[in-house]
Amino acid sequence: PVESALGPTVMQSVSQLLPPLIDRFKSLFYQGQFDARDGVPSYQAVLENVPWPGIPQFLTANRTVWYDSHSPSNVNGYFRQFQKLAQAVVLGAGHL
């Protein structure tokens, strides 16, 4: 039932729905480094096409290394943020 109801909307962009959400709420997009289904390149393409005025600054924001607080020599992933929009890539992870 759910699949048949949502079927016509599969593979249609919802990027135009994101700007009011980003303006109002802190928004985190996170992906596993090895996610073959909805991985980093897919989310990157979505984020590049969000019609939000802060997208250019977000896309050029410095990516910082996210270290394990209990073992600082271990890298958990990468993180970038501009205003209320953030993205985290979890190293070594698949589909989350």
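For the structure itself, consult the block above.
The rules behind these values
- Residues numbered from 1 in each chain as written.
- Predicted model: local features only at pLDDT ≥ 70, side-chain atom pairs only at ≥ 80, totals over all residues.
- Heavy atoms only, no water.
- Helix = DSSP H or I, 4+ residues; strand = E, 2+ residues; numbered from the N terminus.
- Buried < 20%, exposed > 50% of the residue type's maximum accessible area, 1.4 Å probe, protein only.
- Areas by Shrake-Rupley, 256 points an atom, 1.4 Å probe, with all protein chains shown as cover.
- Lys, Arg positive; Asp, Glu negative; His and termini not counted.
- Charge placed at Lys NZ, Arg CZ, Asp CG, Glu CD.
- Core = buried A, V, L, I, M, F, W, Y, C linked by side-chain atoms within 4.5 Å.
- Contact = heavy atoms within 4.5 Å.

### What to know about the overall build of the protein
- Along the protein, the regular secondary structure elements total 4 helices and 4 strands.
- Each helix (α) and strand (β) of the protein, taken in turn from the N terminus, gives the series α-α-β-α-α-β-β-β.
- If one aligns the C-alpha atoms of the protein with their principal axes, the spans along those axes are about 45 × 30 × 20 Å.
- Taken over 96 residues, the protein has a buried fraction of 26%.
- A total of about 6,800 Å² of accessible surface is found on the protein, and carbon and sulfur atoms cover 58% of it.
- Distance between charge centres in the protein, computed from 6 positive and 6 negative side chains, equals 10 Å.

### Observations regarding the nonpolar core
- Grouped together as the largest cluster of nonpolar side chains are 9 residues: Leu18, Ile22, Phe29, Leu47, Val50, Trp52, Ile55, Phe58 and Leu85.
- For this core, the elements supplying multiple residues, two or more each, are helix H2 (18–24) and helix H4 (55–59).
- Beyond its immediate stretch of four places on either side in the chain, Leu18 contacts Phe29 and Val50.

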